[in-house]
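# Remarks on the overall topology
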Amino acid sequence: MNALQLHVEGIGLWSPRLGDFAALRALLAGDSPSAPAAPAAALLPANERRRAPESVRLAVEVAGQALAMSGRDPTTLACVFASAHGDQAITDAICSTLARAPAELSPTRFHHSVHNAPAGYWTIATGCRAPSSAVCAGARTFGAALLEAATQALAERRPVLLACYDIAGHGPLLEMTACTHAFGCALLLAPEAGATTLATLRLQTSTNHAASTPLPATLVAEAQGNPAGVALELLAPLAGNGGRCRLAIAPALDLLVDVERIA
Amino acid sequence: MKTPMTPLAIGACTVSSALGCGLAAQHDALRHGRGGLRPNDFGSAPRLGWIGRVDGVEAVALPAGLAAWDCRNNRLAWLGLQQDGFLDRVHAARARYGAHRVALLLGTSTASIGATEEAYRRLDADGRFPVDLRRPALHAPDSLTAFAAAALGLEGPCLTISTACSSSAKVFASAARLLALGLADAAVVGGVDSLCDNVLFGFNALELIAPAGCRPFDADRDGISIGEAAGFALLERLDAAPDAPRLLGYGEASDAWHMSSPHPDGHGAELALDAALARAGLDATRVDYVNLHGTASRQNDAMEAALVGRRFPAHARASSTKGYTGHTLGAAGIVEATIALQAIEHGFVPGNLGAATPDPACGPQFAWEGESRQVDVALSNSFGFGGNNACLIFGRAA
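Remember, it's a predicted structure, so these values are computed and weren't measured experimentally.

## Regarding the overall build of chain A
- Check the secondary structure of chain A and you find ten helices and eight strands.
- Taking 2.2 N^0.38 as the reference for a compact globule, 263 residues should give roughly 18 Å; the C-alpha atoms of chain A span a radius of gyration of 18 Å, in line with that estimate.
- By principal-axis analysis of the C-alpha atoms, chain A measures approximately 55 × 40 × 35 Å.
- Going through the 263 residues of chain A one by one, you find that 59% of them count as buried.

Okay, here's the thing in structure tokens:
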């Protein structure tokens, strides 16, 4: 099978340590970027931002960063939102209410609980009528979602915005999800190279165990404690000088990604 | 503009819902106008509305090797996989193509959250999950697909789509892209959602649950009835199953309007319809049957009746089958895909059960009663919260 070739036009990133992609580059260059403020999610109208759940603010923040870097028009931009656990704070709150007094379940909390709440908020805030999706694949969520976004971009010859994020776990559920901190990232992927291309990705599926470029030591802890953190395997070569990474997309299948920096 | 897609064969499919287990039970119920809804006898008090419950889920035993996955949603999935020889068809595909060349894409809205709800009801003295439910893989939204991958022995690309009530329609689109790019040779698609307190009390909080069985497109409709279901289909290239019915087109679009209400003018729904027609290379006059989303909510049905009226000719037929099955949420896309496929196979358009007084906004396209007629092209609409729209078009083998 020939490699699938895609072009990165925008990159978003937020964690309690790194507020955007520039902070990652600075960290890898040996600087110590200052800790960021909470995700601003500036694309949401102020009233929406106040009531939006934490997962929505994180997803919109990283998606907004990638969009701004690309200069694309969001109204016609397809998007894929990926999260291994959805909004764990809302799941915790809903299950607590259902156990105690189910008839008191809040209607707002219920419609915020759908896995596609960030996709819904994003498309409403940006006026996007293009296809939007919400996906998950456990620990393999980032790799599987990258493949989903890549196949949309290549099969339909259109740019696709991918956002992958998980917030920290809450309540008794935390012991099951083991999500200790928030992490979110976004990539704007295009099928054709252009003036805004930052890097080119070549993707192929693999059942063997070819080597990948090791993660820089300074990112090893950052990549743990959140399923979306595996995205650093790809973000590191994007921030550095390229390389190869391996992302699991199924229990016995990986995606090999060769990263070539352009800008 | 979208160019037509290469059609795919539906090599096999199956469905289990309140109408019974397997395709024959579904067709028999639709043919005889026999609905599957009943007063709610599930979960915690108070009893909310009517439900479409699958009989026998509680008695399903997973094989010993899959016991760690045990929960209502996966029991329903396993029950569904046993019907219509579907497991054998997947095993044959796995043997033919290789396990890593068969993709698995399933839709679900709430997966096994019923097990998480139970854990919160039975927290131990330290506030931890009870020991028997300390199974992390069960308390994640990909639990259905991870279970099915293990149960089917599939090793290809694997993904859960969770866009509320369009989930198991969108899996057809993702599978078609994987096959078009040569990333898989076949795909198992489908979806499972099961009854749980979250959706019963959640839709109740939104004041969207009808006090009795739902009445899609009735002038006095008063809300939805929640159902549960499992359905699956095997997608292959045409040369593998040249006589099988086909997926001709898919369309996806967003409303950009509201989190829990459809756009009143149906903009997103119509964009999805246009995209599906373009991929099928058809215009709307060629559509013989439209299986509507038709939830029996005031807003959805008003929007969709207007869409049918302005886009389909009077000789087309349209109906909602939610009066039979209830709204099976993330499984609705696959359930109604199998109904569209059966309309083609049996030459029978199911009637729009539950509308005693049809909404005058509905045009001549509405099939208020079941009707025998040839169906060569059948379309299915699925719309979800967040303004997430999908449309699938199926056709007879050429």
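## As for the overall build of chain B
- When its secondary structure is counted, chain B shows eleven helices and 16 strands.
- On C-alpha atoms alone, chain B measures out to a radius of gyration of 20 Å, which is about the 21 Å that the 2.2 N^0.38 rule sets for 398 residues.
- Dimensions of chain B, computed from the C-alpha atoms along their principal axes, are close to 65 × 50 × 40 Å.
- In chain B, buried positions account for 67% of the 398 residues.
- In chain B, 79% of the contacts between residues at least 6 apart in sequence involve partners at least 24 apart.

## Section: helix α5 (residues 143-152) of chain B
All names here are of chain B.
- The buried count for α5 comes to eight of ten residues, which makes it a mostly enclosed element.
- Close packing links the buried residues of α5 with α2 (72-81), α3 (86-97), β5 (102-107), β6 (158-161) and β7 (186-193).
- G153 sits one or two positions beyond α5 and adopts a positive phi of about 65°.

## Focus on the interface of chain B and chain A
- Every contact between the two is made by 59 residues of chain B and, on the other side, 56 residues of chain A.
- For the side of chain B that touches chain A, the residue count by class is 27 nonpolar, 23 polar and nine charged.
- Pairing of strand β3 (residues 132-136) of chain A with β6 of chain B, which is carried by two bridges, proceeds in the antiparallel orientation. When the bridges of β6 of chain B are listed, V135 of chain A appears paired with I161 of chain B.

## A word on the pairing of strand β16 (residues 388-395) of chain B
Residues and elements named next belong to chain B.
- Within β16, eight of the eight residues are buried, which leaves the element mostly enclosed by the surrounding structure.
- Covered by surrounding structure in β16 are N388, A390, L392 and F394 together with N389, C391, I393 and G395, the residues of both alternating faces.
- Here strand β15 (residues 377-384) runs beside β16; their pairing, made up of eight bridges, is antiparallel. Bridge pairing in β16 places L379 opposite I393.

## Focus on the pairing of strand β6 (residues 199-206) of chain A
Residue and element names in this part refer to chain A.
- Only one face of β6 is covered, namely the one carrying A199, L201, L203 and T205; the face carrying T200, R202, Q204 and S206 has none of its residues buried.
- Pairing analysis gives five bridges linking strand β1 (residues 4-14) to β6, with the strands arranged antiparallel. When the bridges of β6 are listed, L4 appears paired with L203.
- Pairing of β6 with strand β8 (residues 253-261) involves eight bridges; the strand directions are antiparallel. In the sheet register, L203 faces β8, and the bridge partner there is V257.

## Points about the packing of helix α1 (residues 21-28) of chain A against helix α10 (residues 232-239) of chain A
All names here are of chain A.
- Relative orientation of the contacting elements α1 and α10 amounts to 75°, with a least axis distance of 10 Å. In terms of orientation, α1 lies roughly perpendicular with respect to α10. In this structure, α1 contributes F21, L24, R25 and L28 to the contact, and α10 contributes L235, A236 and A239.
- Its residues placed into classes, the contact of α1 with α10 shows six nonpolar, no polar and one charged.

## Overview of the environment of A146 of chain B
- Tracing the sequence through the fold places A146 of chain B in helix α5.
- Among the residues examined, A146 of chain B registers 26 C-beta atoms within 10 Å and is labelled buried.
- A146 of chain B sits 40 residues away from L106 of chain B along the chain, and the two C-alpha atoms are 9.8 Å apart.
- Apart from the residues lying within four places of it in its own chain, the contact partners of A146 of chain B are G138 of chain A together with A137 of chain B.

## Quick look at the environment of S206 of chain A
Residues and elements named next belong to chain A.
- Tracing the backbone through its elements, the reader meets S206 in strand β6.
- On the basis of neighbour count, S206 is assigned to the partly exposed category, with 14 C-beta atoms found within 10 Å.
- Taking the C-alpha atoms as reference, S206 lies 5.9 Å from L253; in sequence the two are 47 residues apart.
- Apart from the residues within four sequence positions on either side, S206 is in contact with D254 and L256.

## Overview of the nonpolar core
- By size, the foremost hydrophobic cluster in this structure holds 238 residues, and its most contacted members are L162 of chain A together with A187 and L392 of chain B.
- A per-element tally of this core places helix α7 (residues 141-155) of chain A first, with ten residues.
- Excluding residues within four positions of it along the chain, A187 of chain B makes contact with V102, A103, L105, A175, L178, L179 and L235 of chain B.

## Observations regarding unusual backbone geometry
Residues and elements named next belong to chain B.
- Residue D84 is not a glycine yet carries a positive backbone phi of 60°.
- Relative to the helices and strands, D84 is located in the loop between α2 and α3.
- Phi is positive for F217, which is not a glycine, with a value near 65°.
- Following the sequence through the fold, F217 ends up in the loop between α7 (197-205) and β8 (226-227).

## Considerations on the packing of helix α4 (residues 88-100) of chain A against helix α4 (residues 113-121) of chain B
- Between α4 of chain A and α4 of chain B, the shortest axis-to-axis distance is 8 Å and the interhelical angle comes to 60°. Accordingly, the angle class assigned to the pair α4 of chain A and α4 of chain B is oblique. Read as a crossing pair, α4 of chain A and α4 of chain B show a hand that is right-handed. The residues of α4 of chain B that touch α4 of chain A, namely those facing T91, C95, S96, L98 and A99 of chain A, are T116, E117, Y120 and R121 of chain B.

## Let's talk about the sheet that holds strand β3 (residues 38-39) of chain B
Residue and element names in this part refer to chain B.
- A sheet is described by the order of its strands in space; here three strands give the open sequence β3-β4-β8, paired in mixed fashion. Two strands in the sheet have a free side with no partner beyond their single neighbour: β3 and β8.
- One ladder, built from two bridges, connects strand β4 (residues 50-52) with β8; its direction is parallel. Residue I51 lies in a different strand from β8, and its bridge partner there is I226.

## Things to note about the confidence of the model for chain B
- Per-chain confidence: chain B averages 97 in pLDDT, with 99% of residues scoring 70 or above.
- This prediction of the complex comes with two scores: 0.98 for pTM and 0.98 for ipTM.

## A closer look at α4 of chain A
- Between its first and last C-alpha atoms α4 of chain A spans 18 Å; for 13 residues at 1.5 Å apiece the expected length is 18 Å, and the two agree.
- All of the buried residues along α4 of chain A are Q88, I90, T91, I94, C95, T97 and L98 of chain A.
- On its buried side, α4 of chain A packs onto α5 (107-112) and α8 (174-177) of chain A together with α4 and α7 of chain B.

Cut-offs used in this document
Residues numbered from 1 in each chain as written. Chains lettered and ligands numbered in written order. Predicted model: local features only at pLDDT ≥ 70, side-chain atom pairs only at ≥ 80, totals over all residues. Helix = DSSP H or I, 4+ residues; strand = E, 2+ residues; numbered from the N terminus. Rg over C-alpha atoms; globule rule 2.2 N^0.38 Å. Buried ≥ 20, exposed ≤ 12 C-beta atoms within 10 Å, placed from the backbone. Contact = placed C-beta atoms within 7 Å. Nonpolar A, V, L, I, M, F, W, Y, C, P; charged D, E, K, R; others polar. Pairing = 2+ DSSP bridges. Axes fitted to C-alpha atoms, helices over the stretch in contact; angles between N-to-C directions. Parallel < 35°, antiparallel > 145°, perpendicular 65-115°, else oblique. Core = buried A, V, L, I, M, F, W, Y, C linked by C-beta atoms within 7 Å. Left-handed = near helix turned anticlockwise from the far one by under 90°. pLDDT = per-residue confidence, 0-100. Expected span 1.5 Å × (residues − 1).

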